[in-house]
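The chain contents come next:
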There are 2 protein chains.
Amino acid sequence: MSKRIAGPEIERLIQLLAKVPGLGPRSARRAALHLIKKKEQLLVPLAASMNDAVDKVRVCSTCGNVDTSDPCTICTDPRRDGATLIVVEDVADLWALERASAMNVRYHVLGGTLSPLDGVRPEDLNIRSLIARIAEGGVSEVILAVNATVEGQTTAHYITDQLSGMDVKVTRLAHGVPVGGELDYLDEGTLAAALKSRTAF
Amino acid sequence: MSKRIAGPEIERLIQLLAKVPGLGPRSARRAALHLIKKKEQLLVPLAASMNDAVDKVRVCSTCGNVDTSDPCTICTDPRRDGATLIVVEDVADLWALERASAMNVRYHVLGGTLSPLDGVRPEDLNIRSLIARIAEGGVSEVILAVNATVEGQTTAHYITDQLSGMDVKVTRLAHGVPVGGELDYLDEGTLAAALKSRTAF
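Starting afresh in each chain, residues are numbered from 1 along the sequence in its written order. Going through the entries in the order they are written, you letter the chains from A and number the ligands from 1. Residue-level local features of this predicted model are given only where pLDDT is at least 70; pairs of side-chain atoms are given and counted only at 80 or more, and the full residue set underlies all totals for whole chains, interfaces and linings. Hydrogens and waters are ignored; side-chain quantities use all the structure's heavy atoms.

A.B. asks: Looking at this structure, how should I read helix α5 (residues 91–100) of chain B?
C.D. replies: Residues three or four positions apart in an α-helix share a direction because the helix packs 3.6 residues into each turn. Here the term buried applies to any residue with accessible area under 20% of the maximum for its type, exposed to any over 50%, and partly exposed to those in between, with areas from a 1.4 Å probe on protein chains only. Only runs of H or I of at least four residues qualify as helices and only runs of E of at least two qualify as strands under DSSP, and these elements are numbered from the N terminus. Within α5 of chain B, burial applies to Val-91, Leu-94, Trp-95 and Glu-98 of chain B. End-on, the buried residues of α5 of chain B take up no more than an arc of 95°, which puts them together on one face. The criterion used for residue contact is that any of the two residues' heavy atoms lie within 4.5 Å. Buried-residue contacts for α5 of chain B involve α1 (8–17) and α2 (25–37) of chain A together with β2 (66–67), α4 (73–76), β3 (81–88) and β4 (105–109) of chain B. In protein, a polar contact means a hydrogen-donor-capable atom and an acceptor-capable atom, both N or O and within 3.5 Å, with residues adjacent in sequence counting only if both atoms are side-chain atoms; elsewhere, any N or O pair within 3.5 Å suffices. Here α5 of chain B starts with a cap whose side-chain oxygen sits 2.9 Å from the backbone nitrogen of Ala-92 of chain B, and that cap is Asp-90 of chain B. Taken from the residues just after α5 of chain B, Ser-101 of chain B is the one with a positive phi, measuring 50°. Note that the arc is computed from the directions linking the helix axis to the C-beta atoms.

In structure tokens form, the structure reads like this:
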């Protein structure tokens, strides 16, 4: 806002809300006004919930997930199969895989991908802790669920090399046609991979 | 999330963020994760700013604006022309007009529009306080900047009736072609109004 039309506290709230992904400068203003209007129903509980998160959220020392307990809910869940570990780049990927609810297993969050250009080396990722987890025994399969990008694949190859001497099966996600996807809109690489990995009907 | 994959504090934060306009269930998860990752840079200051807003935000008893002082920044700004009042439905409209920076005047926020169907009567809006402000003297023009909806126009007519005996000029916003707008995409009502109110070139 060019002119001062409200107290600095409201302008600061708008500026901070604009940094939340999904909100821009315009929607941050709308969000701030909505929060102020719904003070008791939304602003007060949201502020309390954020303070709660500030106090309680921590990174799981076992798998790198974020949670309010360490080890996290997933690492301590006795109903999960600890023999399979899904390796992901980021907590967001872990949450996405959990939404798919396809496997009831445990995870290992790398915290990024190898990238010589950005100066991300193996020791900057949670790779040593992954190897230590597997060395402890009890893990029979590691599923590399990294993104299908150059950095993701480089990271996957590096991890495969590191695990080569260990008694563990290393697998990766299948490439193919997205469920509900139309062939016409798919890139050649995906189509070629889907053809190559075709399955019996 | 169907399965418990994180502590209840994180799930509560996601649920509350999903109620912020501009964020849905999916983007709330992304926002929560971003806030948790940028704890010191974003989550801590945002939580503090929200607590600040909870403590300090109040409704201006003069004009109905929201601010951290009462009377608000606009009502106490000595450089603003108090002889002109712009009547708006909502604080969001006040902010929108301020962004246009077209007039350096004061405002009166109605807090809604008359709507017999929804049970909104004149006494539910800040109309009595508007009349009282004008009765105090010093106001020479009231600009009715209500929305061009049926409810907005009904409200404008009601206010005009109430002010008919008073020594004040009542005006409304011009109808016409939006700046940058293409005629082809405009509705007939707007085009007819723009033709009727044509100006010399």
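A.B. asks: Looking at this model, I keep getting lost on helix α3 (residues 39–56) of chain A. Mind explaining?
C.D. replies: An expected span of 1.5 Å times one less than the residue number is assigned to each helix. Along its 18 residues, α3 of chain A runs 24 Å from first to last C-alpha, staying within 8% of the 26 Å computed at 1.5 Å per residue. Those residues of α3 of chain A lying buried are Leu-42, Leu-43, Pro-45, Leu-46, Ala-47, Ser-49, Met-50, Ala-53 and Val-54 of chain A. Each element contacted by the buried residues of α3 of chain A is listed here: α2 of chain A together with α1 (8–17), α2 (25–37) and α3 (39–56) of chain B.

A.B. asks: Help me understand the domain arrangement of chain A in this model?
C.D. replies: Quoted interface sizes are often the accessible area lost when the parts come together. Start and end points for every domain follow an automatic or database-based domain assignment. With domains assigned, chain A is organised as domain 1 (8–56) and domain 2 (66–172). On a C-alpha basis, the centroid separation for the pair domain 1 of chain A and domain 2 of chain A is 34 Å.

A.B. asks: Sorry, what's going on with the packing of α1 of chain B against α2 of chain B here?
C.D. replies: Helix packing for two helices is described by the angle between their axes and how far apart those axes are. Residues and elements named next belong to chain B. All axes are obtained by fitting lines to C-alpha atoms, using only the stretch in contact for helices, and the reported angles, taken between N-to-C directions, cover 0 to 180 degrees. Between α1 and α2, the shortest axis-to-axis distance is 8 Å and the interhelical angle comes to 125°. By the criterion of interaxial angle, the relationship of α1 to α2 is oblique. Judged by the sense of rotation from one axis to the other, the crossing of α1 with α2 is right-handed. Contacts from Ile-10, Leu-13, Ile-14 and Leu-17 in α1 reach Ala-28, Arg-29, Ala-31, Ala-32, Leu-35 and Ile-36 in α2. Just so you know how the angles are binned, under 35 degrees is roughly parallel, over 145 roughly antiparallel, 65 to 115 roughly perpendicular, and the rest oblique. By convention the crossing between two helices is left-handed if the near helix lies anticlockwise of the far one by an angle smaller than a right angle, and right-handed if it lies clockwise.

A.B. asks: Is there a simple way to explain the interface of chain A and chain B in this structure?
C.D. replies: Listed as interface residues are 58 residues of chain A and, on the opposing side, 58 residues of chain B. When the buried surface of chain A facing chain B is broken down by residue, Ile-5, Met-50 and Trp-95 of chain A rank first, second and third, together holding 13% of it. In the sections that follow, a salt bridge refers to a side-chain nitrogen of Lys or Arg positioned within 4 Å of a carboxyl oxygen of Asp or Glu. Where chain A meets chain B, there are four salt bridges. With a closest N to O distance of 3.5 Å, Lys-56 of chain B and Glu-9 of chain A form a salt bridge. For the pair chain A and chain B, the interface holds ten residue pairs in polar contact (both at pLDDT 80 or more). Those elements giving two or more residues to the side of chain A that touches chain B turn out to be α1, α2, α3, β2 (66–67), α4 (73–76) and α5 (91–100) of chain A. Top contributing element to the side of chain A that touches chain B by residue count: α3 of chain A, with 14 residues. Simply put, the buried area is the total loss of 1.4 Å probe accessible area from both parts when two parts are fitted together.

A.B. asks: In this structure, what is going on with the sheet that holds strand β6 (residues 169–172) of chain B? I would like to understand it.
C.D. replies: All names here are of chain B. Strands sit in the order β4-β3-β5-β6 across an open sheet of four strands; the sheet is parallel. The strands lining the two open edges of the sheet, one partner per strand, are β4 and β6. Strand-to-strand twist of the sheet, defined as the mean angle between neighbouring strand axes without regard to direction, takes the value 25°. For two strands to be treated as a pair, DSSP must find at least two bridges joining them. Pairing analysis gives four bridges linking β3 to strand β5 (residues 141–144), with the strands arranged parallel. Directly across from Ile-86, in β5, lies its bridge partner Ile-143.

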